[in-house]
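# Descriptive analysis of the structure
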Amino acid sequence: MPVSQRELYIAAPMEKVWDFVSTLDNVAMCMPGYQRHEVIDERESVWYLKGDVGLFQKVVAFVAHIERMDRAEGLVSFTLAARDENMKGEGCFRAWPEGEGVVVQLELKLEGGGLKGPLVNALLSSTLPDDLEYLGDRLKEVLERDAAVGQ
Amino acid sequence: MQYRAECDVLVLGTGAAALVAAIRAHDGGAQVLVLERSDKIGGTTSVSGGVVWVPNNHHMAEVGIPDSEEEAWTYLRRLHGGSSNEELLAAFIEWGPKMVRYLEERTPVRFAAMEKYPDYHPDWEGGKPGGRSLDNEPFDSKRLPPEVAKRIRKGPLLGPFTHREASTWGPVRNFDFVLMANRVRDKILTLGTALIAALTLGCVERSIPIELGVRARRLLVEDGRVVGVEAEENGQTVRFRARKAVVIATGGFEWNEDMKKQFLRGPELAPTSPPFNEGDGILMGMAVGARLGRMNDAWWMPSIQLPGEEYEGRQLNRLLINERAYPGSIIVNRAGRRFVNETCNYADLGKAFHVFDPSTYDYPNIPAYLIFDERYHSRYHLATVMPGDEMPGWVAQGNTPQELAEKIGVDPAGLAATIERFNRFAGEGVDHDFGRGGTIYERHYGDPDVGPNPTMAPLDTPPFYAVEVRPGSLGTKGGLEVNGKAQVLNVWGEVIPGLYACGNAAAAVTGAGYGGAGGTLGPGMTFGFLAGMHAAAE
């Protein structure tokens, strides 16, 4: 399964970071290719993301489901299941205070299944790091901007 | 007048015809400059299968298929049926094989004969069971300078396989997806992208500059001779001087709605090319009095659309090739009736969409639908949906033909009757209505494990499925009329000095017909070769 990981420092209080990432729809809006999302309930939503695997772009609907949310550990994990595509994945945020900010670890896994799985995974392996880079940059930008406004 | 740049031969476009023209003009001693309006190199070729159809090419002997100029003449005369002219065909038959040999001897382009891929009319006199269609060898894009490699247009429609591999594998369940994945990882290109990358390396080796983001708009004419172009670059108007000639190779007009409306024989609703083919070169030629040919025609391709897919900001249109020939599928119109041999070549099939009903004053075969059943789904693919994948929501389904028909707005009784009739034919293996799977070409995309006709099986396993099929095209066929030297003619049939055309910007060399896979690129590259050779000698 193609996996990408990233660790970054966000100059914002732990409480703000937690409040943001524990509402999964905030994360959806920071995903690359975000188009819109629909809230199903407090643990599940549908993310419409325009993906680009280097050949063409496609809007894929992912059902995002929170698997675990542990404030004490600063951990949010979720699964992703594509509608109309043989593709699934999972994501994880882990955050802890450091200095006046927060260190955030991000992990994103996405896997194509079925006959064409190997080909899809080869394409995802080349694009997933860029996707996570974008997600981390967006989270940092939004949270640090909000923190600055709040000061 | 101030010029942004000057050269001997100015080539407009970066498809295979254009790059061959550039290479040949350079080798003829000309200083060459290539302009491309998009930010990628490759044009329509890059997104194509990259097959090059050239009768009597030297690779045919390697696979034991003899050919001759005489056989090529016999086949091509019937193919064009008076819609082309013998000067063009003579040039193609003579220079096509020379062009192939030249590229292989002097550039990184490498071909191999597709011995199992027949002409589109292999049963005609002069037709061949294989060999005239040339496949590209895989190309390692790491051979290109990195800044050039990232500018090669990638094809969104076909996987990183060669046609010879696909012919050997058969239905998609046998495809080697691990091999294809390794090619993605290793940046190995195939098909049209490989052809463009190899030709681009040929340009790099010759230091031929290719300038991207420059859209030629008007020809500059002095004393009746074309001497350059006016172009748009970063919102500015700039001029380029061509001391010897301008070669127009800017593709067709399938993305120009006005030109399609004015010229084409019927609706074209789904171009599969990059959305930059807006007839720029044809319009420029018209403005200086060029004669037009075959403007009503296109390289038709039945196409389907998957919701949410985009290419260059426009809806991506997908080719419908194998799916039409797999057992357990048919194509029907609004009345639920079949209207064409689904396995015939795509260009000729496309013409069946344009049957006009003078009573209802519309096109009864638009929209059309590919209909298939669950047994098909368990064995064959539909676009990105593989056997074993859950059927996506964009595919209509019903537990009976009538229920399916209701959902897609097709006559339920008509569809049920059609399926019942087709199922009888399938048991017999003979399509008494349209002759489906009647030639070796038509059986090529079938399932060899199915008999007696590898393209026919009953649709009898629910649920039944449907997707809309649109009259699309690989590109348009009409354009500037040229002579056997690729020189553009004016409305009186006289040469316009300093102006050449090739590829889909020129009127199709083979007229109304489509000789075989690569029937666009073979003549296109041959006339690119001729354009470059004669332009350099001006």
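The sections below set out a description of the structure shown in this document. (Residues numbered from 1 in each chain as written. Chains lettered and ligands numbered in written order. Predicted model: local features only at pLDDT ≥ 70, side-chain atom pairs only at ≥ 80, totals over all residues. Heavy atoms only, no water.)

### Focus: the overall build of chain B
Where we set the bar: In this text, helices come from DSSP runs of H or I with a minimum length of four residues, and strands from runs of E with a minimum of two, each type numbered from the N-terminal end. With C-alpha atoms as the basis for the radius of gyration, the globule rule is written as 2.2 Å multiplied by the number of residues raised to the power 0.38. Think of it in three bands: with a 1.4 Å probe and only protein chains considered, a residue is buried below 20% of the maximum accessible area for its type, exposed above 50%, and partly exposed in between. In this description, contact between two residues means that some pair of their heavy atoms is separated by no more than 4.5 Å. Here, Shrake-Rupley sampling with a 1.4 Å probe gives the accessible areas, and only protein chains in the shown set may cover a residue. None of His or the chain ends enter the tally, which takes Lys and Arg as positive and Asp and Glu as negative. Taken as the charge centre is NZ of Lys, CZ of Arg, CG of Asp or CD of Glu, depending on the residue.
Looking only at helices and strands, chain B has 18 helices and 22 strands in total. Over its C-alpha trace chain B gives a radius of gyration of 23 Å, about what one expects of a compact globule, namely 24 Å for 538 residues. Along the longest, intermediate and shortest principal axes, the C-alpha atoms of chain B span 70 × 50 × 45 Å. With 538 residues in all, chain B has 64% of them scored as buried. Contacts in chain B between residues at least 24 apart in sequence constitute 74% of all its contacts with a sequence separation of at least 6. By element, 47% of the accessible surface of chain B is carried by carbon and sulfur atoms, the whole surface being about 18900 Å². Between the centroid of the 55 positive side chains of chain B and the centroid of its 67 negative side chains there is a distance of 3 Å.

### Some points on the overall build of chain A
Secondary structure assignment for chain A yields three helices and seven strands. Going from the N terminus to the C terminus, chain A shows its helices and strands as β-α-α-β-β-β-β-β-β-α. The C-alpha atoms of chain A give 15 Å as radius of gyration, which agrees with the globular expectation for 151 residues (15 Å, within 12%). For chain A, with 151 residues in total, the buried portion stands at 46%. For chain A, contacts bridging at least 24 residues in sequence account for 49% of all contacts bridging at least 6.

### A word on the nonpolar core
We apply this condition: As used here, the term nonpolar core means buried Ala, Val, Leu, Ile, Met, Phe, Trp, Tyr and Cys residues forming a set that is joined through side-chain atoms within 4.5 Å.
Formed by 102 residues in total, the largest nonpolar core has its most connected members in B:L10, B:F240, B:V246, B:M525 and B:F527. The contact partners of B:L10, leaving out residues within four places of it in the chain, are B:L33, B:L35, B:V229, B:F240, B:A242, B:A245, B:V246 and B:V247. Core analysis: the second largest hydrophobic core is formed by 38 residues, A:W18, A:F20, A:V27 and A:L106 among them.

### Observations concerning the packing of helix α1 (residues 16–27) of chain B against helix α9 (residues 191–205) of chain B
Residue and element names in this part refer to chain B. Our working rule: With axes taken as lines fitted to C-alpha atoms, and helix axes fitted only over the stretch in contact, angles between N-to-C directions fall between 0 and 180 degrees. For classification purposes, an angle smaller than 35 degrees is called roughly parallel, one larger than 145 roughly antiparallel, one from 65 to 115 roughly perpendicular, and anything else oblique. Left-handed describes a crossing whose near helix is turned anticlockwise from the far helix by less than a right angle; the clockwise case is right-handed. Following the grouping adopted for this structure description, the nonpolar residues are Ala, Val, Leu, Ile, Met, Phe, Trp, Tyr, Cys and Pro, the charged ones are Asp, Glu, Lys and Arg, and the polar ones are all others, Gly among them.
Where α1 contacts α9, the axes come no closer than 10 Å and their chain directions differ by 20°. On the basis of their axis angle, the class for α1 and α9 is roughly parallel. Along this stretch, α1 crosses α9, giving a crossing that reads as left-handed. The residues of α9 that touch α1, namely those facing A16, L19, V20 and I23, are L195, I196, L199, T200, G202 and C203. For the contact of α1 with α9, the per-class residue count stands at eight nonpolar, two polar and no charged.

### Here we look at the pairing of strand β9 (residues 214–222) of chain B
Heads up, the rule is: Only when DSSP finds a minimum of two bridges between them are two strands counted as paired.
Relative to strand β10 (residues 225–233) of chain B, β9(B) runs antiparallel, the two sharing eight bridges. Bridging from a neighbouring strand, B:L220 pairs with B:G228 of β10(B).

### Section: the state of the cysteines
Think of a disulfide as a covalent bridge from one cysteine sulfur atom to another cysteine sulfur atom. Short version of the rule: A pair of sulfur atoms, both from cysteines and within 2.5 Å, is called a disulfide here.
All chains considered together, the criterion is met by zero disulfides over all chains. No disulfide involves A:C30; its nearest neighbouring cysteine sulfur is the one of A:C92, lying 16 Å away.

### Points about the interface of chain A and chain B
Note the threshold: By buried area we mean the combined loss of accessible area, with a 1.4 Å probe, across both parts when two parts are placed together. By definition, a salt bridge exists where a carboxyl oxygen of Asp or Glu is found within 4 Å of a side-chain nitrogen of Lys or Arg. Residues adjacent in sequence count toward polar contacts only when both atoms are side-chain atoms; beyond that, a polar contact is any pair of N or O atoms within 3.5 Å, and within protein one must be able to donate a hydrogen and the other to accept it.
Counting from both sides, the interface comprises 17 residues of chain A and, opposite them, 28 residues of chain B. Summing the contributions of chain A and of chain B, the shared interface buries around 1700 Å²; its carbon and sulfur component is 61%. The closest approach of N and O atoms between A:K58 and B:E309, which form a salt bridge, is 3.3 Å. Connecting chain A to chain B are eight residue pairs in polar contact (both at pLDDT 80 or more). Broken down by element, the side of chain A that touches chain B gets its largest block of residues, four residues, from helix α3 (residues 117–150) of chain A. Broken down by class, the residue content of the side of chain A that touches chain B amounts to eight nonpolar, four polar and five charged.

### Looking at the packing of aromatic side chains
Residues and elements named next belong to chain B. Put simply, the rule reads: The criterion for an aromatic pair is that two Phe, Tyr or Trp rings (for Trp, the six-membered ring) have centres within 6.5 Å, with stacked assigned to planes under 30 degrees apart, edge-to-face to planes over 60 apart and tilted to the rest. Note on criteria: charge over ring means Lys NZ or Arg CZ within 6 Å of the ring centre, with the direction from the centre no more than 35 degrees off the ring normal.
Under the defined criterion, the tally for this structure stands at 28 aromatic pairs over all chains. Here the aromatic rings of Y117 and Y120 are separated by 6.4 Å at their centres, their planes lie at 55°, and the arrangement is tilted. Through a chain of ring-to-ring contacts, three or more aromatic side chains come together here, namely Y117, Y120, W299, Y346, Y441, Y445 and Y514. The positively charged end of R132 is found above the aromatic ring belonging to Y75, 5.4 Å away from the centroid. Here K477 stacks its cationic end above the ring of W299, 4.5 Å away from the centre of that ring.

### Some remarks on the packing of α1(B) against helix α18 (residues 521–536) of chain B
All names here are of chain B. The interhelical angle for the contact between α1 and α18, taken along N-to-C directions, is 30°, at an axis separation of 7 Å. Overall, the two elements α1 and α18 adopt an arrangement that is roughly parallel. When you trace α1 past α18, the crossing you get is right-handed. Every residue of α18 that contacts α1 at A16, A17, V20, A21, R24 and A25 is listed here: L521, G524, M525, G528, F529, G532, M533 and A536. Looking at the contact of α1 with α18 residue by residue, the classes come out as 10 nonpolar, three polar and one charged.

### Looking at the pattern of salt bridges
In a structure, side chains of opposite charge can pair up when their charged atoms sit close to one another. Residue and element names in this part refer to chain B. A complete count under the given rule lists 57 salt bridges over all chains for this structure. Two residues, R151 and D39, come together in a salt bridge whose shortest N-O distance is 3.8 Å. Here R151 is found in the loop between α6 (146–149) and α7 (163–169), whereas its partner D39 is found in the loop between β2 (32–36) and α2 (43–46), with 112 residues between them in sequence. Its relative accessible area of 32% is what places R151 among the partly exposed residues. Overall, D39 belongs to the partly exposed group, its relative accessible area being 36%. E222 is paired through a salt bridge with R241; the nearest N and O atoms lie 3.0 Å apart. Taken together, the positions of E222 in strand β9 and R241 in strand β11 (residues 236–248) put the pair 19 residues apart, joining distant regions of the chain.

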